Amino acid sequence: MELYRDLLDRLILPTFDQARLSTIRTEHVRAWLGTAATATSPGQAAKAYRLLRTILTTAVEDERLALNPCKIRGGGVERAAERPFVDAEVVLDLAGAIEKRYRALVLLAGFGGLRLGELLALRRSDVGAVVRVEVQAVELRTGDRIVSAPKTDPGRRAVHLPAVVTMALETHLLGYTGARPDALVFTGPLSEALRRATLYKAWDEARRAVRWPTL
């Protein structure tokens, strides 16, 4: 809902807020989409297009609109740039450069492929011979923290790790994680739920230290 509200307010309403549904033509949508892609990014524009298409599809279903004007071929397709892969040496350098309380997090992300939300929701009971991914944490702009299951069933998984990561996790659990089974593995400086902004600050310093400032 937060994502959709942002797309609606920032990209859709400035153009279509005062438009009568029956006056919106495909040519208007095409012109808007081109402007949106320039004003923000192609990925954000594609998300906004899909949202607009869904809104107008509902209008058609509710018989408030005869036809959906969102007919732009490929308008809702996101073409993300290829993400760079880094060598194991870089991951180890980053883990060495970041604050010690986040060292195991970097290693687990680098060698285990866990997403940030999965890392932030990891509990002591999830860590053993393998790491089990059962939940993820999402932080809203309001500061609220929501913990839920992964988006898809394959998102729940057991991750087998190399010794360098399991050893780092064992050390981390001893020094930074509470004793309860539901204690969060990765926490902030006051042993509270780790906030993205707190982690990003440490991450930014580490990646600059190893000369990968945009990683």
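The coordinates are above.
Residues numbered from 1 in each chain as written. Predicted model: local features only at pLDDT ≥ 70, side-chain atom pairs only at ≥ 80, totals over all residues. Heavy atoms only, no water.

### Quick notes on the nonpolar core
Counted only if it meets this: Side-chain atoms within 4.5 Å are what join buried Ala, Val, Leu, Ile, Met, Phe, Trp, Tyr and Cys residues into a set we call a nonpolar core. Any residue under 20% of the maximum accessible area for its type is buried, any over 50% is exposed, and the rest in between are partly exposed; the area is computed with a 1.4 Å probe on protein chains only. The secondary structure listing takes helices from DSSP runs of H or I that are at least 4 residues long and strands from runs of E that are at least 2 residues long, numbered from the N terminus. Contact criterion: two residues are considered in contact whenever any of their non-hydrogen atoms come within 4.5 Å of each other.
Grouped together as the largest cluster of nonpolar side chains are 34 residues, with contacts concentrated most on Leu108, Leu114, Leu122, Val131, Leu169 and Phe186. Secondary structure elements with two or more residues in this core: helix H4 (88–97), helix H5 (103–112), helix H6 (116–121), strand E1 (131–133), helix H7 (163–176) and helix H8 (196–209). In terms of residue count, H5 provides more of this core than any other element does, five residues in total. With sequence-adjacent residues up to four places away left out, valine 131 is seen in contact with Leu108, Leu114, Leu122, Asp126, Arg157, Ala158, Val159, Leu161 and Leu169. With 20 residues, the next largest nonpolar core counts Phe16, Ala36, Tyr49 and Ala59 among its residues.

### Thoughts on the pattern of salt bridges
For clarity, the threshold we go by: The salt bridge criterion pairs a side-chain nitrogen of Lys or Arg with a carboxyl oxygen of Asp or Glu, the two atoms within 4 Å.
In total, this model carries 14 salt bridges according to the counting rule given. Where glutamate 78 meets lysine 47, a salt bridge forms, and the shortest distance between an N and an O atom there is 2.8 Å. A residue pair is termed long-range when its members are at least 10 positions apart, and glutamate 78 in the loop between helix H3 (42–61) and H4 and lysine 47 in helix H3 qualify at 31 residues. The partly exposed category is assigned to glutamate 78, whose relative accessible area is 36%. Measuring nitrogen to oxygen at the nearest pair gives 3.8 Å for the salt bridge that ties glutamate 139 to arginine 195. Taken together, the residues glutamate 139 in strand E2 (residues 136–139) and arginine 195 in the loop between H7 and H8 connect sequence positions 56 residues apart. Here glutamate 139 falls in the partly exposed class, since its relative accessible area comes to 27%.

### Side note on the environment of leucine 194
Of note, leucine 194 is situated in the loop between H7 and H8. A C-alpha to C-alpha distance of 23 Å links leucine 194 and methionine 1, two positions 193 residues apart in sequence. Once residues lying within four places of it in the same chain are set aside, the contact partners of leucine 194 are Tyr102, Leu105, Leu120, Phe186, Thr187, Gly188 and Leu199.

### Let's talk about helix H2 (residues 26–39)
Here is the rule we go by: Multiplying one less than the number of residues by 1.5 Å gives the expected span of a helix. Note: the arc covers the axis-to-C-beta directions of the helix.
The end-to-end C-alpha distance of H2 is 20 Å, a good match for the 20 Å that 14 residues give at a rise of 1.5 Å each. Taken as a whole, H2 has its buried residues at Thr26, Val29, Trp32, Leu33 and Ala36. Seen from one end, H2 has its buried residues packed into an arc of 120°, which puts them on one side. Away from the buried face of H2 by more than 90 degrees, exposed residues Glu27, Thr35, Thr38 and Ala39 are located. Of the surrounding elements, those touching the buried residues of H2 are helix H1 (2–16) and H3.

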